[in-house]
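# Observations on the three-dimensional arrangement
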Amino acid sequence: MTLGENILELRHISKTFPGVVALKNVDMTVRNGEVHALLGENGAGKSTLIKILSGYHQPDKGGEMLITGRPVTFRNPKDAMDASIHTIYQELTLCPHMTVAENIVLDKQSQFKGFMQKRHEYQAIAARALEDMGQSEIDPNWLVKDLSIAQQQVVEIAKAVTSKAKIVLMDEPTSSLSQNDADRLMDIIRGLRANGVAIIYISHRLHEIGGIADRITVLRDGELVGTVNNSDVTEKDLITMMVGRELKNVYPKRKVPIGDIVLRVENLASGELFKGISFDVHKGEIFGIGGLVGSRRTEMLEALFGMRPITDGKIFLNGEEFDPKNPRQAIKHRIAFVTEDRKKSGLVLCLPVHENINMVNAQQPSFAGYLNWSKLKGVANRHRNTLNIRVSSIEQLVNSLSGGNQQKVVLAKWLDFSPEVIIFDEPTRGIDIGAKTEIYSFIGEFAAQGTAIVMVSSELPELISVADRIMVMQEGRMKGIVSKEEMTQEHVMSLATQKTQ
Amino acid sequence: MQAQAKTDKTSRSIIGKLIIQYRTILILVALMAVFSLLKPVFLNPINLLAIIKNMSYVLIAGLGMTFIITLGGLDLSVGSIAAVVGVGFAMLIRGGFMPAIPALLIVMIGAMLLGFINGFVSVKGKIEPFLVTLATLYIYRGIALMLTTGRPVPIVIPHFADLFGNGKLFNLIPSPAIISLVVLLISWFLFRHTKFGFYVRSIGGNPEAARVAGIDISRVKIAVYTMSGLFACISGLILGALMNGGLPNVGSDLALDSISGVILGGTAISGGVGSIFGTLGGCLIMAVLNNGMSLMGAQYHVQIFVKGLVIIFAVLMDNAFKSRK
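Going along each chain's sequence as written, the residues are numbered from 1 onward. The naming scheme follows written order: chains are lettered A onward, ligands numbered 1 onward. Per-residue local features are limited, in this predicted model, to residues with pLDDT of at least 70; the limit for side-chain atom pairs, both in listing and counting, is 80 or more; totals at the level of whole chains, interfaces and linings are taken over all residues. Calculation of side-chain values draws on the structure's entire complement of heavy atoms; hydrogens and water are dropped beforehand.

All names here are of chain A. Criterion used throughout: strands pair if DSSP finds at least two bridges between them. Secondary structure counts use DSSP, requiring at least four H or I residues in a row for a helix and at least two E residues in a row for a strand, with both numbered from the N terminus. Ordered by their spatial adjacency, six strands build an open sheet running S16-S17-S18-S13-S19-S20, and the pairing between neighbours is mixed. For this open sheet the edge positions go to strand S16 (335-338) and strand S20 (477-483), each flanked by a neighbour on one side alone. Each neighbouring strand pair of the sheet contributes to a mean axis angle of 20°, computed without reference to strand direction. The pairing of strand S13 (residues 286-290) with strand S19 (residues 469-474) spans four bridges and is classified as parallel. Within the sheet, the bridge partner assigned to Phe 287 lies in S19 and is Arg 469. Sitting on the sheet, helix H9 (residues 297-304) touches S13, S16, strand S17 (421-425), strand S18 (452-456) and S19, and the angle it makes with S17 is about 155°. Across the sheet, helix H15 (residues 433-448) is in contact with S13, S17 and S18; its angle to S18 comes to roughly 150°. Structural elements are reduced to axes, namely lines fitted to C-alpha atoms, with helices fitted over the stretch in contact, and the angle between N-to-C directions of any two is expressed from 0 to 180 degrees. Note on contacts: a residue pair qualifies if any of its non-hydrogen atoms lie within 4.5 Å across the two residues.

As structure tokens, this is what we get:
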């Protein structure tokens, strides 16, 4: 086969999950010997596309996948591997307690005959592959758990190379690498390309894509925006392609007077996770935080709430220094936190709605710890009406509620608490438009009552329509604070993707 | 057609729910029906009261275990704590060294301390409670054996045996049954109507959510293990009274029997969902099995074989009717 021929063709690929269309009618071609970058905001459909290519998801009927011109269907990941597609995930999937060589041959056991392990053959195969990649300093006998992340990634790639993969998918391969390691990875990728391998490369880092990609396909909201030659476009063009989303659902914030500073953060850091974060939030203000995956926004919020150690910098609440050691202290200082993953840390799924709503209220002092459930149920019913939580009874387990209603239950927890500061992390993730509108109006309600609001959201149009100011973070650093006047999707996205100095 | 299928599905899930909710009672009633048909003497009130008396110490340890398992933990050391209590009490009152009341207080505080150690080491050392209490299962048993050099110590005050063992109220109701009833009601109140019980259920259901809501997880955990120690102490006192002495080997099955009672009662081993009255039902199932099979002349060997079958049957029943998602 000659270089530059189409090795992979996707025709009209769609994927519908219950209630969500993740991919709509996507066409894409990948040539051998090219690095093809896949670009898009959070939730644009990149992950779904990768999972289809690697056999984890099956596309809806009507779509077609062709490899070297022949139609294929993948029922499972093994089918994809047999069709010589190899995927390298963000979280590496090596066995840490096995050697490099053992890991490399693990998926090729059918090549070896007999019952016994063939240690010397394994080592020879691994050594040759590593040498071809110019990585001979990795000893095939080392245990994977002793390797650095970058070296583990090299082993993953060696695994792909030795299984004669023709298409290698890489999902954010540089997200946890240093600049040096990332540069070396780029060299390895160029080497693969020279050998005729097609690489599908997913990354948020525009400058990285600019340096390595031959062609770039941009997705937005599950739809194909277009495929372009890298040499024909600038970073700015790419940003416009990524964010050109219609502003059809806006949730303008009610005008409320902005008061004094409530929360002030100075030069905050937690180890190497994030550093040098400074901002202040006023009474009645919605302070948005934007950024892409890996911007460590959640980690920063967790530090504000006492869930992560603060290694440098200061937090002031109403002018007084505040050093939260655990969530309890933060709550005592009237800070509330609506976490990103409601199932993981927002709700107790096996308890009924009213017990979840009262999880904070119940902690008020009472005689001998007695809980007056009939009173608490009254509270829960009141919140159910205010927030329009749709349940047949407050005795229903939260487990059985829709995402939007679950999120309202999380909000209801803090209704009687009258917080000074309330932190929202992705408050509308995975919920329908109707519930989104309601949630934003409650957030506005909190602001109107004089609460200072810090809100992380990856939904850029929403963030822009709701927030009074937006701080943009990238890889644990702050990239700037955008005022209402300068708020455009392009501006925020260019801050979120610009090259790290 | 579709609507039909839907109603079928919901009605089936309702029946399934009812079966899960009442499966403990169903199994209990079924067993009692079988035994009373095969051996009419089974239903004799004296026999029924004997069942309750004989299960009392398992039930009390099981009530503490209900809190522990709902919290998402496990306490394997309760039997060893019960042995230390029996031995300790017997030695404190031996030869009039100490009056009974202060001796009782000392063993109670001692048992709570042993429970506290379980909780403290598990929380502060960040060790699985299974491992901590596996270790203390040996350590506490070792204490009981070392104190007595392995020999039983007689308890020779008559009121003690009446109060905790073979005494009967109105010449009818065995005193261990009354003690169990009191502990049962207190447990139920704590579990359902106090902050403490609410915290236990929340932490067991999702520790991360409990933490974000500001609940002091470490304190609650340690308190629960301390309470389990106290309940094990009461079990130990009943065992001591029934046997008229502190036996260092007593209660070696107590932990597993009480865990079985809790599981049979519908408390989830994964935490979060527990039932105090379920534990009563679960312990009754095991006690009825023992008693009924003894009446029928089955030996201990057969009894434990059947006990195992009933446990696996009950758990399979849960899974079969659980609504699949």
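Further notes follow.
With that out of the way, let us pick up the nonpolar core. Throughout, nonpolar core names a set of buried Ala, Val, Leu, Ile, Met, Phe, Trp, Tyr and Cys residues whose side chains join them through atoms within 4.5 Å. Burial status follows relative accessibility: with a 1.4 Å probe on protein chains alone, a residue under 20% of its type maximum counts as buried, one over 50% as exposed, and anything between as partly exposed. Membership of the largest hydrophobic core comes to 185 residues, with the highest contact counts inside it found for Leu 263, Phe 279, Met 300 and Leu 304 of chain A. Per-element tally for this core: the top contributor is helix H10 (residues 217-243) of chain B, with 13 residues. In this structure, Ile 104, Met 133, Ile 138 and Met 170 of chain A belong to the second largest nonpolar core, which totals 37 residues.

Bringing the environment of Ile 85 of chain A into the picture now. Residues and elements named next belong to chain A. Here Ile 85 is to be found in strand S6 (residues 85-88). Taking C-alpha positions, Ile 85 is 52 Å from Thr 451, a pair spaced 366 residues apart along the chain. Once residues lying within four places of it in the same chain are set aside, the contact partners of Ile 85 are Leu 53, Ile 67, Phe 74, Ala 80, Ile 167 and Leu 169.

Here we take up the state of the cysteines. All names here are of chain B. The definition used for a disulfide is geometric: two cysteine sulfur atoms within 2.5 Å. On inspection of all chains with the given rule, the structure shows zero disulfides over all chains. In this model Cys 233 remains outside any disulfide bridge; the closest cysteine sulfur is found in Cys 283, 18 Å from its own. Of the residues examined, Cys 233 reaches a relative accessible area of 0% and is grouped as buried. Given a relative accessible area of 2%, Cys 283 falls into the buried group.

Here we take up the confidence of the model for chain B. Residues and elements named next belong to chain B. The pLDDT averaged across chain B works out to 87; a share of 93% of its residues lies at or above 70. Between residues 1-9, whose pLDDT stays under 50, and residues either more than four places distant or in other chains, the model counts zero contacts. Of the two predicted TM-score estimates for the complex, the pTM is 0.80 and the ipTM is 0.81. Each residue carries a pLDDT score, the predictor's own confidence in it, on a scale running from 0 to 100.

Residue and element names in this part refer to chain A. Along S19, six of the six residues are buried, which leaves the element largely enclosed by surrounding structure. Looking at chain direction, S19 and S20 are connected through six bridges and run antiparallel. When the bridges of S20 are listed, Ile 470 appears paired with Val 482. Counted between consecutive antiparallel strands, the loop separating S19 from S20 contains two residues, among which Glu 475 sits at a positive phi close to 45°.

For the rest of this paragraph, the subject is the packing of aromatic side chains. Side-chain rings of Phe, Tyr and Trp, where Trp is taken by its six-membered ring, are said to pair if the distance between their centres is within 6.5 Å; with planes under 30 degrees apart they count as stacked, over 60 as edge-to-face, and otherwise as tilted. Across all of its chains, the model carries 13 aromatic pairs over all chains by this definition. Centroid distance Tyr 56 of chain A to Tyr 89 of chain A: 6.1 Å. Interplanar angle 80°. Geometry classified as edge-to-face. Of this pair, Tyr 56 of chain A sits in the loop between helix H1 (46-53) and strand S4 (64-67) while Tyr 89 of chain A sits in the loop between S6 and helix H3 (100-105); the two residues are 33 residues apart in sequence, bridging distant segments of the chain. Ring centres 5.2 Å apart and planes at 65° place the aromatic pair Trp 414 of chain A and Phe 417 of chain A in the edge-to-face group. For the pair Trp 414 of chain A and Phe 417 of chain A, one class covers both residues: buried. Members of the aromatic cluster, each reached through a chain of ring pairs, are Phe 67, Phe 191 and Phe 196 of chain B.

With that settled, consider unusual backbone geometry. For Ser 418 of chain A, which is not a glycine, the phi torsion comes out positive at approximately 35°. The phi dihedral of Lys 126 of chain B is positive, around 50°, even though this residue is not glycine. Summarising the element assignment, Lys 126 of chain B is placed in the loop between helix H4 (100-124) and helix H5 (129-148). In this structure Lys 126 of chain B comes out as exposed when scored by relative accessible area, which is 74%.

This part covers the environment of Ala 90 of chain B. All names here are of chain B. Checked against the element boundaries, Ala 90 lands in helix H3 (residues 78-93). Of the residues examined, Ala 90 reaches a relative accessible area of 0% and is grouped as buried. Distance from Ala 90 to Asn 244, taken between C-alpha atoms, is 9.2 Å for residues 154 residues apart in sequence. Filtering out sequence-adjacent residues up to four positions away, Ala 90 remains in contact with Val 153, Pro 154, Ile 155 and Gly 246.

The next point concerns the sheet that holds strand S12 (residues 274-282) of chain A. Residues and elements named next belong to chain A. Ordered by their spatial adjacency, four strands build an open sheet running S12-S11-S14-S15, and the pairing between neighbours is antiparallel. At either margin of the open sheet sits one strand with a lone partner, and together these are S12 and strand S15 (320-321). Bridging between strand S14 (residues 312-317) and S15 involves two bridges; their strand directions are antiparallel. Residue pairing in the sheet places Leu 317 in a bridge with Glu 320 of S15.

This part is about the interface of chain A and chain B. Taken residue by residue, the interface counts 33 residues in chain A and 22 residues in chain B. Accessible area that two parts lose when put together, evaluated with a 1.4 Å probe and summed over both, is termed the buried area. Interface area for chain A against chain B, summed over the two sides, is near 2,200 Å², with a carbon-plus-sulfur share of 60%. Of all residues in chain A, Arg 328, Met 359 and Gln 363 of chain A give up the largest surface area on contact with chain B, accounting jointly for 21% of the area buried on that side. Here, a salt bridge means any side-chain nitrogen of Lys or Arg that lies within 4 Å of a carboxyl oxygen of Asp or Glu. In this structure, the connection of chain A to chain B is made through two salt bridges. Put simply, Glu 355 of chain A and Arg 201 of chain B hold a salt bridge, and the shortest N to O gap is 2.6 Å. For the side of chain A that touches chain B, the elements supplying multiple residues, two or more each, are helix H10 (327-332) and helix H11 (342-346) of chain A.

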